[in-house]
Amino acid sequence: MPSQPQGPSYTVPGMRPQDSQRIIALLQMRLHSLNDLHLTLKHIHWNVVGPHFIAVHEMIDPQVDQVRAMTDDVAERISTLGGEPNGTPGALVRERTWNDYSIGRAEAIEHLGALDLVYTSVIEDHREAMRETEESDPVTQDMLIEQLRGLELFQWFVRAHLESSGGGLSTHGATTETGAAGQAAEQARKQP
């Protein structure tokens, strides 16, 4: 049976060990979230169908690549702080606080509706982590800010497909991926 990681035996100069331990735990959840996002994006890439297939299929791959790079940055920061990043599928499933992505093979607009909710969740949690590192670790905060810039840009790409000319989102008020997918599809059917 593998041993459970203990607190770090060292950390970066000038950081208190208890702060480092707290930030490592926070970053571990960000690592799980980004690994999950990377896999979800590939799942969408493989399962998108319909008339907008190629546009969405090709839009997703650069997002996959950049999210994978984000996971590497987070894992390396955990190690820099004296921690042990855990990127195994078992750890992700065991420790995550969210459910698996719920859409299989579906129209592009349905995946984009669901993906909007996925991005919202990841971004909200990243913002909370950013706030929690402001005082104790501005280096980690800077990394999270840069990642937020990319994540928010990707969500904007997704939302451009879901937005009306008046600025409303077809997914407004949706609380589940399937609900958001259904709302996006319904709105798309109403448009000429």
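That block above? That's the structure.
Described in the following lines is the structure provided in the data block. Source: prediction; values computed, not measured.

## A short note on helix 5 (residues 138-162)
Piece 1. Spanning 25 residues, helix 5 covers 35 Å between terminal C-alpha atoms, matching the ideal 36 Å at 1.5 Å per step.
Piece 2. When helix 5 is considered as a whole, its buried residues turn out to be Thr140, Gln141, Met143, Leu144, Gln147, Leu148, Gly150, Leu151, Phe154, Gln155, Val158 and Leu162.

## Comments concerning the packing of helix 2 (residues 53-80) against helix 5
Piece 1. The interhelical angle for the contact between helix 2 and helix 5, taken along N-to-C directions, is 165°, at an axis separation of 11 Å. As far as their axial angle goes, helix 5 and helix 2 are roughly antiparallel. Like other packed secondary-structure pairs, helix 2 and helix 5 cross with a definite hand, here left-handed. For the pair formed by helix 2 and helix 5, the contact residues are Met59, Gln63, Gln66, Val67, Met70, Asp73, Val74 and Arg77 on the first element and Val139, Thr140, Met143, Gln147, Gly150, Leu151, Phe154, Phe157, Val158 and His161 on the second.
Piece 2. Looking at the contact of helix 2 with helix 5, its residues break down into 10 nonpolar, 6 polar and 2 charged.

## Details of the packing of helix 4 (residues 108-132) against helix 6 (residues 177-190)
Piece 1. Packing of helix 4 against helix 6 leaves a shortest axis separation of 7 Å and a crossing angle of 135°. For the element pair helix 4 / helix 6, the angle class is oblique. Our pair here, helix 4 against helix 6, has a crossing hand that is right-handed. Note on element contacts: helix 6 touches helix 4 through Glu177, Ala180, Ala181, Ala184, Ala185 and Ala188, opposite Ile109, Glu110, Gly113, Ala114, Leu117 and Val118.

## Observations regarding the packing of aromatic side chains
Piece 1. With the rule as written, the count across this model stands at 3 aromatic pairs.
Piece 2. Ring plane angle 50° and centroid distance 6.4 Å describe the contact between tyrosine 119 and phenylalanine 154, whose orientation is recorded as tilted. Of this pair, tyrosine 119 sits in helix 4 while phenylalanine 154 sits in helix 5, and the two are 35 residues apart along the sequence.
Piece 3. Judged by its relative accessible area of 0%, tyrosine 119 is buried.
Piece 4. Ring centres 6.4 Å apart and planes at 50° place the aromatic pair phenylalanine 154 and phenylalanine 157 in the tilted group. Of this pair, phenylalanine 154 and phenylalanine 157 both sit in helix 5, 3 residues apart, which is roughly one turn of the helix.

## A few points about the pattern of salt bridges
Piece 1. Throughout the structure, instances matching the rule amount to 12 salt bridges.
Piece 2. Among the ionic pairs, lysine 42 bridges to aspartate 61, the shortest N-O distance being 3.1 Å. Of the two residues, lysine 42 sits in helix 1 (residues 17-47) while aspartate 61 sits in helix 2, which places them 19 residues apart along the sequence.
Piece 3. Assessed through its relative accessible area of 18%, lysine 42 is described here as buried.
Piece 4. Among the residues examined, aspartate 61 registers a relative accessible area of 27% and is labelled partly exposed.
Piece 5. In this structure, the salt-bridge partner of arginine 94 is glutamate 95, at a minimum N-O distance of 4.0 Å.
Piece 6. The exposure class of arginine 94 is exposed, given its relative accessible area of 59%.
Piece 7. Looking at glutamate 95, the relative accessible area reads 32%, which means it is partly exposed.
Piece 8. Each member of the salt-bridge network shares a partner with another, and the members are Asp36, Arg96 and Asp100.

Quick notes on the rules
- Residues numbered from 1 in each chain as written.
- Predicted model: local features only at pLDDT ≥ 70, side-chain atom pairs only at ≥ 80, totals over all residues.
- Heavy atoms only, no water.
- Helix = DSSP H or I, 4+ residues; strand = E, 2+ residues; numbered from the N terminus.
- Expected span 1.5 Å × (residues − 1).
- Buried < 20%, exposed > 50% of the residue type's maximum accessible area, 1.4 Å probe, protein only.
- Axes fitted to C-alpha atoms, helices over the stretch in contact; angles between N-to-C directions.
- Parallel < 35°, antiparallel > 145°, perpendicular 65-115°, else oblique.
- Left-handed = near helix turned anticlockwise from the far one by under 90°.
- Contact = heavy atoms within 4.5 Å.
- Nonpolar A, V, L, I, M, F, W, Y, C, P; charged D, E, K, R; others polar.
- Phe/Tyr/Trp six-rings, centres within 6.5 Å; stacked < 30°, edge-to-face > 60°.
- Salt bridge = Lys/Arg side-chain N within 4 Å of Asp/Glu carboxyl O.

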